[in-house]
Amino acid sequence: MLSRKKEFVRAVDTISFTIERREIFGLVGESGSGKTTTGRLLLRLIEPTSGEIRFHGDNIGELSPQSLRQFRRRAQMIFQDPTAALSPRMRIGPAIKHGLDIHQVGSVPERKKETLRMLERVGLAPPEAFYDKYPHQLSGGQRQRVVIGRAMILKPEFAVADEPVAMVDVSIRAQILDLMSSLKKELGLTYAFITHDLATANYFCDRIAIMYLGKIVEIGPRKDVFKSPRHPYTVALMSSIPIPDPKHKADRLIPRGEIPSPISPPPGCRFHPRCPYAQAVCSEREPQLEEIEPDHQVACFFPCT
Amino acid sequence: MWGLGQMPPLLNVQELVVQYSTLRGEVRAVNDVSFSLETAATLGLVGESACGKSTLGFSILRIVPPPGRTVAGKIELQGVNLLNLPLEEMRRIRGGQVSMIFQDPMTSLNPLMRIRDHFIELFQTHDPSIKKEDALGRTTKLFDALGIAGDRIEDYPHQFSGGMRQRVMIGLALALDPKLVIADEPTTSLDVIVEAQVLELLKLLKEKHRLTLILITHNIGIVAEMTDRVAVMYAGQIVEIGPTGDMFGDPLHPYTKGLLESAPNVLHPEQSMRPIPGNPPDLVSPPAGCKFHPRCPKVFKPCPLREPLPISQGSRLVACHLYD
Amino acid sequence: MKSLSGIPARLLLRKVPKGAEVYLAVAGAVLLVTVISLTFLAPYIAPYNPIIEVGPALQPPSSQYPLGTDHLGRDVYSRVLYGAIVALEVSAISVLLSSIVGTVLGLFSGYSGGKMDRVFSMVMDSVYAFPGLILAIAIAAMMGPGLVNMSIAIAVVYIPTYFRMIRGQVLQTREQLYVEAARALGAKNSTILFRYIFANIMPSLVVVLSLNVADAILTEAGLSYLGLGIPPPTPDWGFDLSKGKSYLPGGYWWMITFPGIMILIVVLGFSLLGEGLNEILSPRLRER
């Protein structure tokens, strides 16, 4: 269970979930959903106001500074904006190597060798040529490969990917996702994949949690959630996305209005002011996540069929 | 001539070149582009970053930001070459006959002016004789059509949400009944559901007012849903142009095919998101011959040697040696 | 950072076509190299000993005394050459002092935030609010004449400049994504502060240093002009300016003109270099 209070905004309000080993867990939501905050909480880049995050059973909020550094080796982050995530004054070779320097892995010449190997591994070949380049000399997709390489050189077990392909060209997106996928196989990684793009989530994730205004409204295996979405918000999301097929007739269930401000969320079910199926109880009590199918949970009093 | 239909075209762009200087050399953001557009048609300009689609949109209104400049070609609106017009006349055309919907509604509105004043100023600039009450009346009617509650008319931009601001942008673009509307990535910065709302609004207004629309986007889904014809751009050139249905059903240019296959599809994920290998070209020193050839799965002998010229293939025009 | 001494350079830059910033910076650098070599070569190329009487007083420029002699019969040319030494020594020491103290304080204060930051900012803002020359006068008067004291006085005046600039940049850079990325890698605070934050701030520091030297020389000349600087007979441009002023009504123009020209050249040189560097570095920092 975790929630975080930033001034008077509950960016993430009392959510609970588990991520299984070797799974790709998707956190999907629009702005204000709390997905980005959740990602940072998972790595303790922000402190939770209350609640616990347990990594292999240990509460990461209670780690000593030394154990925290150990944790950082095992849990890494891939950022959304590859240009902003790289220091403009650091060449990409040293940038990737930096993790090894921080944790003093191997000898100094071994670190350089490992960095060259990683450059090749993420598709930046010939590695010697890329080692001395600055980020501004690379394209967006290449920079994202550097970001991934920097995280993966520590051979982590767990990686939070915060919209890793949102700022990358469409034709390159699949390249990056394929790279992440092959790294997962090689390192036995577990991913928390944060995105607003349902289509990418459907392509990449094993399990999905749909978030709205700080709450998880639906959670379950990818196939189930996409084949039969139960929460009206999930249904709305899925029907909203334009489909790249001119023969497809958009049959949209668009909820009225827009996402309210997280400063004063609606009472009861947060989605009720926009929900076409809302009834009296929806504004009075908050629905909890309940299992509607094996492993598929919904927080709604009147889930869709 | 690209894409001529039965009626004389509203817009005719010929051999347009837009260039800008960088520290490393000259870049042709728009490199010899020609196409035409009929009244009440919607043309999608689709491509990835730095393909020149936004620059092309700006050049029609002659608002390419420096150091970019249009160096060659013609842009004819109902026969009149916009590039030759004196600046005063061009200003009258902007917002009036040709208008633009910009990408980022957060920064496109003046935070110090009330929303209604944006409209009133627009009306008064183009018709100094108009009375304030009339301008206000027209603004209120527009709000209705845009789906914005009338009591919000006194608000400032920061009081509007992103989706509402984009509706305002659309309203500003349509207020003076333009002949041509250019929408530059109108929904890119919006959330999924708001994007759907804005797209539905655009569709409605498009039908109701018989708009001629150029829709610039990198989102293949939007192109499929909103356009009659599509022009695919790569490295500053149109590689393929034709009716939307034909383009999707049977893409001719290998880049078109690759682009369509790389698009995310939430209904059929297993068929989507196929990568195109390689990286986007460096426009300062682009590849020789066909600019797509280093990444093309169908590359063969003539490709690195000569730039392919547009060739007619049925309803479409393709620039690819496969069809020479 | 806006400095008075930067004004001539900035006015010049506005008229200059794009790409020419490099030439301005180079021009500045050339001027400076000339002046700096003078300080080392002065003992060898000065025709006379600058502090003793070598000829009749108040002689106009001639072949024997290229820039004339002053009211005590000393060769103006030699005094001008030797004056470079004092000017550059004082400004070098003071700039070094103020930049190190100001930067270090700015880095730590900006990064830690909290009470310490607030206290330091208040102190620095108060010092900054004082007009520079007046503050330098006050401190120099308190400490007495002498090279070291003058350097310290000038240094104190400029510490807040560095503090404010560095702190402002730290606050900005602290929020950057790559800093968060460094934290995610497990980097220690000191590593983040120096390898990530300071490394990205450094270009602006170089620019400020250059302009600061220009300002410091002007301040030094000002202090000496008021008699608060190096005691006579050490050659000093500001001091000679002051003495030369009293003889100007009598038609003896060379005593005030040549030290004044030297100050102008050196200040122009440093500010051209500084503003030119600023122009060169800024677009590069923004390059995609």
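Everything numeric here is computed off the predicted structure, so don't read it as measured data. (Residues numbered from 1 in each chain as written. Chains lettered and ligands numbered in written order. Predicted model: local features only at pLDDT ≥ 70, side-chain atom pairs only at ≥ 80, totals over all residues.)

1. Quick notes on the overall build of chain C
Which entries qualify depends on this criterion: To qualify as a helix, a DSSP run of H or I must reach at least 4 residues; to qualify as a strand, a run of E must reach at least 2; elements of each kind are numbered from the N terminus. Any residue with 12 or fewer other C-beta atoms within 10 Å of its own C-beta is exposed, any with 20 or more is buried, and the rest are partly exposed; the C-beta atoms used are placed from the backbone. Each residue gets a C-beta atom placed from its backbone, and two residues are in contact if those atoms lie within 7 Å.
When helices and strands are counted, chain C shows 10 helices and 0 strands. If you list the helices and strands of chain C from N to C, you get α-α-α-α-α-α-α-α-α-α. When each of the 288 residues of chain C is scored for burial, the buried share is 45%. Considering only contacts in chain C between residues 6 or more positions apart, those separated by 24 or more positions represent 70%.

2. Looking at the interface of chain A and chain B
This is how it is decided: Residues were grouped as follows: Ala, Val, Leu, Ile, Met, Phe, Trp, Tyr, Cys and Pro as nonpolar; Asp, Glu, Lys and Arg as charged; and all remaining residues, including Gly, as polar.
Taken together, the contact between chain A and chain B spans 37 residues of the former and 40 residues of the latter. Secondary-structure elements contributing two or more residues to the side of chain A that touches chain B are α6 (140-152), α7 (170-187), α8 (198-204) and α10 (232-240) of chain A. Here the residues of the side of chain A that touches chain B are counted per class, giving 19 nonpolar, 10 polar and 8 charged.

3. With respect to the confidence of the model for chain C
Interpreting fine coordinate detail is not advised for predicted regions of low pLDDT. Residues and elements named next belong to chain C. To keep it simple, the criterion reads: A score from 0 to 100, pLDDT tells how confident the predictor is in each residue.
Per-residue confidence for chain C gives a mean pLDDT of 83, with 90% of residues at or over 70. Within chain C, helix α1 (residues 7-15) has the poorest average pLDDT of any element, 59, and helix α4 (residues 114-129) the best, 92. Both scores are available for the predicted complex, with the pTM at 0.83 and the ipTM at 0.85.

4. Considering the sheet that holds strand β1 (residues 11-22) of chain B
Backbone hydrogen bonds hold the strands of a sheet together, and the pairing may be parallel or antiparallel. All names here are of chain B. Selection rule: Here the rule is simple: two strands pair whenever DSSP picks up at least two bridges between them.
Across the sheet, which stays open at both edges, the 4 strands sit in the order β2-β1-β4-β5 with antiparallel pairing between neighbours. Each end of this open sheet is capped by a strand with a single partner; those strands are β2 (25-37) and β5 (80-81). Taken together, the 2 bridges between strand β4 (residues 68-77) and β5 define a ladder with antiparallel strand orientation. Bridged to Glu76 within β5 is Asn81.

5. Quick look at helix α3 (residues 76-112) of chain C
Residues and elements named next belong to chain C. Applied cut-off: Given a helix with a known number of residues, its expected span is that number minus one, times 1.5 Å.
Its 37 residues place the ends of α3 53 Å apart at the C-alpha level, agreeing with the 54 Å of an ideal helix rising 1.5 Å per residue. The buried count for α3 comes to 26 of 37 residues, which makes it a mostly enclosed element. At the exit of α3 stands Gly113, carrying a positive phi of roughly 65 degrees.

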